[in-house]
Amino acid sequence: MIRDITLGQYYPTDSVLHRLDPRVKLCGTMVYVISLFLFQSFTGYIVATVFLVSMIALSHVPVKFMFRGLKAIIFILIFTGILNAFLTPGRELVSFWKITITIEGVRLAAFLVLRIIYLIIGSSIMTLTTTPSNLTDGLEKSLGWLKIFRIPVHEIAMMMSIALTFIPVLVEETDRIIKAQQARGADFESGNIIRRAKAMIPILVPLFVSAFRRANDLAVAMEARCYHGGDGRTKMRPLKYAARDYIAYLVLLGYLAAIIAVGIIF
Amino acid sequence: MSLINANKVSFEYVRRDKNGEVEGFKRAVDDVDLDIRQGDFIAVLGPNGSGKSTLAKHFNSLLHPTEGVVYIDGWDTKDADKLWDIRKAVGMVFQNPENQMIGTIVEEDVAFAPENIGVEPEEIRQRVKESLVMVEMYDKRKSSPSRLSGGQKQRVAIAGVLAMHPECIVLDEPTAMLDPEGRSEVIRAVRALNDVENITIILITHNMEEAIYADCIYVMKDGHIAMQGTPREIFSRAKELEECRLALPQAARLAYELRRAGLDIPEGILTREELCRVLCR
């Protein structure tokens, strides 16, 4: 049961987006997220929608995977929508009891909800088309300039990728501990929330102990394989821009220009 | 010239009580002399707590001796300037295959060591391919390590060390957590490396069957070397082995018991085949 949890929800298939350099995708996601806040008009939404739909088409990832990420925030969506619809002053649309829904409120609510949905889908396109290790590589390389401020970029990227490697290992371990505790009569299913939370303690303590032991083993193994930080390190597959990456940057620039133009004109 | 030379090596752990006060010292390795030549296949045997893993960690400068010196290729392991040369020359494979995987896919994991020592990308790809072919894991190069069996993981770990092009590989109980099939996969790979590539192997184990193939066996007890010799010599000294809390390999044990029962069986039998031949005379 616990093994069904997937993190870094990569969808393995072959598409232009999958082959793009992770740095392009990181930059693209950033630009898209920012662009969503640069306009207010209906035309702006058309441009953003066209861009998003064409990216989904290019990614060859089934659409239902895109919407999976929305499930988690469905309450936030409903809540924001309702609050905005009710609390925005303006021309009256419907009125009952003490509550008035205004035309401006509905408009604002619809746009805001749409904006959040686009945000989530936009960033899940990136995680769906990029392997976790590629993503950390991209982060390491594109944030390399932070080293001037003594931020250990390589170390952070290394920690991220080790964390990703160890997720399945630790999940399996958790499963094992739960079974071992259940075999000795531990009860995780009954009682109220507080009791169930308390029942988690005998799982967490051994999990932490074993995680620390693993971390120590891994550190020794890494040292034995000559790991000494990011200095003088090479890569088996160094990130290198291909022609398609430059084209992608141009497309991105075109999109950004269009959005800014729309924001100014309308 | 000897590849690894240990001269009167001792290592002490500091024992601390609950409050972190020094309680005393524990001598894990006690006055050990070793001399290992290029191309040797060495097995180090010993019960738990006999200091064999501690000794192994001296060979690639993970630990430094409290007394005595360890030389690798003539370099003192305490020499900080030679640290990376030493670790490159002597690779190490550990007991738990899960805790030494760094990459999210097999290929990346094997590439980890050459990336660390700054090998060119082209050459890394070449080395990764060669290493994976040597341990017969090339067709799994794109798999996630979590999907592999224990024996396969351990072979990937060996490939990860091979990619450094070491002169010697120290394997610290590499088969202790594996099933019989995984165990024989790993031992087969290790023997092939010794035979074909002439890589020095130091195999630390408490499985007697694995030690049969070694050129020389060291038996450790309470931190010092209690016995030393070829497998035939060692396994004909059943009494002394028992004192070290070690049992004979299956075939050798059977031969020993049969001889004690009065059958005419020569000494120094190690494998099942040899025993069969003698019994079927």
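Residues numbered from 1 in each chain as written. Chains lettered and ligands numbered in written order. Predicted model: local features only at pLDDT ≥ 70, side-chain atom pairs only at ≥ 80, totals over all residues.

1. Considering the overall build of chain B
A tally of helices and strands in chain B yields 11 helices and 10 strands. For chain B, the spread of C-alpha atoms along the three principal axes comes to 65 × 50 × 40 Å. With 281 residues in all, chain B has 48% of them scored as buried. For chain B, restricting intrachain contacts to residue pairs at least 6 apart in sequence, the fraction spanning at least 24 positions comes to 64%. (Helix = DSSP H or I, 4+ residues; strand = E, 2+ residues; numbered from the N terminus. Buried ≥ 20, exposed ≤ 12 C-beta atoms within 10 Å, placed from the backbone. Contact = placed C-beta atoms within 7 Å.)

2. Focus on the interface of chain B and chain A
With 33 residues of chain B at the interface, the matching set in chain A holds 27 residues. Only α2 (83-89), α3 (106-116), α4 (121-134) and α5 (150-162) of chain B provide two or more residues apiece to the side of chain B that touches chain A. Among the elements that line the side of chain B that touches chain A, the one with the most residues is α3 of chain B, at six residues. Partitioned by chemical class, the residues of the side of chain B that touches chain A number 16 nonpolar, 10 polar and seven charged. (Nonpolar A, V, L, I, M, F, W, Y, C, P; charged D, E, K, R; others polar.)

3. Some details on the confidence of the model for chain A
Detailed reading of the predicted coordinates is not advisable wherever pLDDT falls low. Counting all residues, the mean pLDDT for chain A is 85, and 97% of those residues have values of 70 or more. Within chain A, the element-level pLDDT minimum falls on strand β1 (residues 92-96) of chain A, averaging 76, and the maximum on helix α2 (residues 22-35) of chain A, averaging 92. (pLDDT = per-residue confidence, 0-100.)

4. Focus: the pairing of strand β8 (residues 200-205) of chain B
Residue and element names in this part refer to chain B. Across the six residues of β8, six count as buried, placing the element largely inside the fold. Where burial is concerned, the two faces of β8 agree: the one with Thr-200, Ile-202 and Ile-204 and the one with Ile-201, Leu-203 and Thr-205 are both buried. Note: strand β7 (residues 168-172) against β8, five bridges, orientation parallel. Residue pairing for β8: Ile-169 is matched across the bridge by Ile-201. You can see the chain leave β7, run along helix α6 (residues 180-197) and come back into β8, and the turn it takes is right-handed. (Pairing = 2+ DSSP bridges. Right-handed = clockwise from strand over helix to strand, strands pointing away.)

5. Some details on the nonpolar core
Membership of the largest hydrophobic core comes to 86 residues, with the highest contact counts inside it found for Ile-42, Ala-159 and Ile-202 of chain B. For this core, the element with the highest residue contribution is α5 of chain B, accounting for six residues. Leave out the neighbours within four places in its chain, and Ala-159 of chain B touches Val-110, Ser-131, Leu-132, Met-134, Val-135 and Met-137 of chain B. Within the second largest apolar cluster, 13 residues are counted, among which are Ile-121, Leu-128, Tyr-255 and Val-262 of chain A. (Core = buried A, V, L, I, M, F, W, Y, C linked by C-beta atoms within 7 Å.)

6. Some thoughts on the packing of α5 of chain B against α6 of chain B
Residues and elements named next belong to chain B. Closest axis-to-axis distance for the α5/α6 pair is 8 Å, and the angle between their directions is 20°. On the basis of the axis angle, α5 is roughly parallel to α6. Judged by the sense of rotation from one axis to the other, the crossing of α5 with α6 is right-handed. In this structure, α5 uses Gly-150, Gly-151, Gln-154, Arg-155 and Ile-158 to contact α6, whose residues at the interface are Glu-181, Gly-182, Glu-185, Val-186 and Ala-189. Of the residues in the contact of α5 with α6, the class split is three nonpolar, four polar and three charged. (Axes fitted to C-alpha atoms, helices over the stretch in contact; angles between N-to-C directions. Parallel < 35°, antiparallel > 145°, perpendicular 65-115°, else oblique. Left-handed = near helix turned anticlockwise from the far one by under 90°.)

7. Digging into the domain arrangement of chain A
When the domains of chain A are assigned, the result is domain 1 (1-142 + 239-266) and domain 2 (145-233). Using only C-alpha atoms to locate each centre, domain 1 of chain A and domain 2 of chain A end up separated by 31 Å. (Domains from an automatic or database assignment.)

8. Looking at the sheet that holds strand β5 (residues 75-76) of chain B
All names here are of chain B. Pairing is antiparallel across the open sheet formed by four strands, whose spatial order is β2-β1-β4-β5. The sheet terminates laterally at β2 (22-37) and β5, the two strands that pair on one side only. Pairing of strand β1 (residues 2-16) with β2, which is carried by 11 bridges, proceeds in the antiparallel orientation. Paired with Tyr-13 across the strands is Lys-26, a residue of β2.

9. Thoughts on the sheet that holds β7 of chain B
Sheet strands pair via backbone hydrogen bonds, and the direction of the pair is either parallel or antiparallel. Residues and elements named next belong to chain B. Strand order in the open sheet formed by six strands is β6-β7-β8-β3-β9-β10, with mixed pairing between adjacent strands. Two strands bound the open sheet, and with one partner strand each, they are β6 (90-93) and β10 (224-229). For this sheet, the mean inter-axis angle between neighbouring strands, taken without regard to orientation, is 20°.

10. A word on the environment of Ile-101 of chain A
Residues and elements named next belong to chain A. The residue Ile-101 is located in strand β2 (residues 99-102) in this model. With 19 C-beta atoms packed within 10 Å, Ile-101 lands in the partly exposed category. Residues Ile-101 and Ile-265 lie 164 residues apart in sequence; the distance between their C-alpha atoms is 29 Å.

11. Considering α3 of chain B
Within α3 of chain B, 11 of the 11 residues are buried, leaving the element largely enclosed by the surrounding structure. For α3 of chain B, the elements touching its buried residues are α7 (132-142) of chain A together with α4 and α5 of chain B. Note on α3 of chain B: the residue one or two positions beyond its end, Gly-118 of chain B, has a positive phi of about 75°.

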